[in-house]
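The chain contents come next:
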Amino acid sequence: RGEKWSTRLVVSNPVRAYFAMSPNGLRSAQIQFPKSLIANVDFPTALGFQIEKTSFNSDDKEIERLCLLLTNEDFVEIYKEVMANLMDTLKQTTDVNTAFEDLLKKLNLLQKFFQKGPGRNLSLEGEIGLIGELYFLKNFMMPNVGLVRGLSAWKGPLSGLHDFETGSVSIEIKTTPAEIKHGI
């Protein structure tokens, strides 16, 4: 791009990934992949960030960076969490192909989750239910089965029969704004 970005390496194996800031303050996560791997992929779009393929100064012309750019500062906290989660996923993979597949799966899941269209607005009850599911995901599923298995088990945003399904276990979350003396 000819601009001077400030970057910080956060993952170096199996792919190199950076957090970066453009001269005008645009935040991005940049992940290097072989051009052949990302050449014909349609990447998901989402409210608040976009994905671009970009060249950069490198001796290896077969490598390209995917830039996950924050486009709306209103979503900065969500963006930081999502990017930290993506970097953790990349650190856990052992090869470039798996890293790319895992990244794409997560981005597609996020797109579905944040997708908004006509008739897709949540009611107040739906919002309360979503908060309950997210609370359960963060405080019970992730500490016990990990992020990837927890997200894989979460069926609520995809209109599953139960909110969480894993193996022979199904979990339905009920959330109320009423004050109660007991909980989970």
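Residues numbered from 1 in each chain as written. Predicted model: local features only at pLDDT ≥ 70, side-chain atom pairs only at ≥ 80, totals over all residues. Heavy atoms only, no water.

This structure, assessed with the given rule, holds six aromatic pairs. For the pair Trp 154 and Phe 164, a centre-to-centre distance of 6.4 Å together with 20 degrees between the ring planes defines the contact as stacked. Taken together, the residues span a long stretch of sequence, with Trp 154 in the loop between α5 (147-153) and β6 (164-166) and Phe 164 in strand β6 at a distance of ten residues. For Phe 164, a relative accessible area of 1% puts it in the buried group. Members of the aromatic cluster, joined through ring pairs, are Tyr 135, Phe 136, Phe 140, Trp 154 and Phe 164. (Phe/Tyr/Trp six-rings, centres within 6.5 Å; stacked < 30°, edge-to-face > 60°. Helix = DSSP H or I, 4+ residues; strand = E, 2+ residues; numbered from the N terminus. Buried < 20%, exposed > 50% of the residue type's maximum accessible area, 1.4 Å probe, protein only.)

Here we come to the pattern of salt bridges. Applying the stated criterion to the full structure yields three salt bridges. Measuring nitrogen to oxygen at the nearest pair gives 3.7 Å for the salt bridge that ties Glu 77 to Lys 80. With Glu 77 and Lys 80 both in helix α2 (residues 76-92) and three residues apart, the pair spans about one turn of that helix. On the accessibility criterion, Lys 80 (41% relative accessible area) is partly exposed. The residue Glu 172 makes a salt bridge to Lys 174 at a minimum N-O spacing of 3.5 Å. (Salt bridge = Lys/Arg side-chain N within 4 Å of Asp/Glu carboxyl O.)

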